[in-house]
Amino acid sequence: MTAKNPLSIFSYKRILLPVLLGVGVAGFLIWRDMQNDSTVLVNIIRTWTWQATAFLLLAVLFGIMRDLMYMYRIRLLSDKRLSWKQSFQVIMLWEFGSAITPSVVGGSALAFFIVSLEGIPVGRSTAIVMITALLDELFYIVVTPLVILFVGFQNAFNTEFRFNLLGGEFGEFEIFLLGYGFMCLLTVFILVAIFFFPKGFRTLLYKVATWRLFRRLQDKVRKMGDDIVTSSQEFKHKGFIFWTKAYLCTVFSWTSRFLVLNCILLAFSPIGDQVLAFARQLVMWVILCISPTPGSSGVAELTLPLFLGDFMKEGTHAAIALLWRGFTYYPYLLLGFIVLPYWTKRVFKKNKQAKKRQLQQPQKNLQLKKQQQKNKQKRNQNRKKKR
């Protein structure tokens, strides 16, 4: 990742790989559904109703709501230094980065880069991204146990999912506990680093800056540490209303994300308890978070029928999986690809102008100093004449 050319991060291979994986798996699922019963999907299309169309439109609205809440949240965390246009571009590129990097890595590393290039100090950008991650994890940590308790443990964990790792076999509950535990640890780390011991975190960054690998970035890493301490003081003094707004935005955005699939299920096969379907999505999300493929491409399409097959009619698994990803994944590949050149042109033009002003500032200061000296000499000369 270089500041000179961020486009180098997004090669065509990075974009094509998740598309090919997702479409390939969806194609396999369609072929399998056709082998089992080719008439189910045809009958659904023939008997399509306005109610089904309404559910799909509702899914689109929930998808838009998710992004609007993300945009409002990042504006809030930046103290509205980001405009709505900037917030839109930042969120689209953030989602774009998440879509083309392995889910286990995520798009947060790219988010630091994006937010800082919007003119926000690196340390403040780091704090914003870390607090965003904190809010996301808090949503999952708080909401997931409540929903599982509501629907019942046996109902929430009721699939034959198995995951092989290091010669051992893990079920969905074991994977869920590992993922949930990691989220709790990440939450504690961010709370300690930003809110309780920011100076200790700065000291850690100072030590990292002395390592050979980061030695040439030593000044930037040190400045990041100083900015984090400053940002920590600012965030700690934010009031109850500020944090309530930030957390409610997080709740609405994540709830909207999951309700997209609920609406698609209702459009194709309005069967089953939709609260239970919501709970199964929360469990499935942990599996998708550890996927090694870009944006969980391929893994998501295969995993969906395992967790939510009870809510689908036979023969509709592939269509629902493809439509779900078409609503929640592929649009970000397209929008990110469109937004990236415009964003790059705008931020680098702005940064170039800022650097130019910085270079001109010493000259302006020198000219001002000379002018002040001339004025002083004139005043002295006038005083002598008067005498």
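So, here's what we can say about the structure. Worth saying up front: this structure is predicted, and the values here are computed from it rather than measured.

1. Details of the overall build of the chain
- Helix and strand content of the chain: 15 helices and two strands.
- Among the 387 residues that make up the chain, the fraction classed as buried is 45%.
- Considering only contacts in the chain between residues 6 or more positions apart, those separated by 24 or more positions represent 77%.
- When the accessible surface of the chain is summed, it comes to about 21600 Å², and 65% of that surface belongs to carbon and sulfur atoms.

2. Remarks on the pattern of salt bridges
- Per the stated rule, a full pass over the model turns up eight salt bridges.
- Between R124 and D79 there is a salt bridge, with its nearest N and O atoms 3.0 Å apart. With R124 in helix α6 (residues 122-151) and D79 in the loop between α3 (50-77) and α4 (84-100), this residue pair connects regions lying 45 residues apart in the sequence.
- Judged by relative accessible area, R124 falls into the buried class, the value being 8%.
- Given the relative accessible area of 37%, D79 is considered partly exposed.
- Note that K238 is salt-bridged to D79, the shortest N-O span being 2.7 Å. Separated by 159 residues along the polypeptide, K238 in the loop between α10 (218-236) and α11 (240-268) and D79 in the loop between α3 and α4 bring together distant segments of the chain.
- Taken together, the shared-partner salt bridges connect D79, R124, E234 and K238 into one network.

3. Quick notes on the nonpolar core
- In this structure, L304, L308 and W343 are the most contacted members of the largest nonpolar core, which totals 101 residues.
- For this core, the leading source of residues is α6, giving 15 residues.

4. Looking at a nonpolar patch on the surface
- Nonpolar side chains collect at one region of the surface, where L58, V60, L61, I64 and L68 lie side by side and expose about 410 Å² of accessible area between them.
- Structurally, I64 can be placed in helix α3.
- Relative accessible area serves as the criterion here: at 44%, I64 is assigned to the partly exposed category.

5. Some points on α3
- The first and last C-alpha atoms of α3 sit 41 Å apart over 28 residues, in line with the 40 Å expected at 1.5 Å per residue.
- Note on α3: the residue one or two positions beyond its end, D79, has a positive phi of about 55°.

6. Concerning unusual backbone geometry
- Positive phi outside glycine occurs at D79, with the angle close to 55°.
- Positive phi values are uncommon outside glycine, yet K80 reaches one of about 60°.
- Mapped onto the fold, K80 is located in the loop between α3 and α4.
- Relative accessible area serves as the criterion here: at 54%, K80 is assigned to the exposed category.

7. Some details on the packing of aromatic side chains
- Tallying each qualifying case throughout the model produces 18 aromatic pairs.
- Their ring planes at 90° and their centres at 5.0 Å tell us that F242 and W243 sit as a pair that is edge-to-face.
- On the basis of relative accessible area, F242 is assigned to the buried category, the value being 11%.
- Relative to F278, the ring of F258 lies with its centre 5.6 Å away and its plane at 80°, an arrangement referred to as edge-to-face. Of the two residues, F258 sits in helix α11 while F278 sits in helix α12 (residues 274-289), which places them 20 residues apart along the sequence.
- With a relative accessible area of 3%, F258 lands in the buried category.
- Among the residues examined, F278 registers a relative accessible area of 11% and is labelled buried.
- One residue, R257, lies across the ring of W254, its end atom 4.3 Å from the ring centre.
- Positioned above the aromatic ring of W324 is the side chain of R325, whose terminal nitrogen or guanidinium carbon lies 5.8 Å from the ring centre.

About the criteria used
Residues numbered from 1 in each chain as written. Predicted model: local features only at pLDDT ≥ 70, side-chain atom pairs only at ≥ 80, totals over all residues. Heavy atoms only, no water. Helix = DSSP H or I, 4+ residues; strand = E, 2+ residues; numbered from the N terminus. Buried < 20%, exposed > 50% of the residue type's maximum accessible area, 1.4 Å probe, protein only. Contact = heavy atoms within 4.5 Å. Areas by Shrake-Rupley, 256 points an atom, 1.4 Å probe, with all protein chains shown as cover. Salt bridge = Lys/Arg side-chain N within 4 Å of Asp/Glu carboxyl O. Core = buried A, V, L, I, M, F, W, Y, C linked by side-chain atoms within 4.5 Å. Patch = residues over 30% accessible without salt bridge, like charges linked within 9 Å, V, L, I, M, F, W, Y side chains within 5 Å. Expected span 1.5 Å × (residues − 1). Phe/Tyr/Trp six-rings, centres within 6.5 Å; stacked < 30°, edge-to-face > 60°. Lys NZ or Arg CZ within 6 Å of the ring centre and 35° of its normal.

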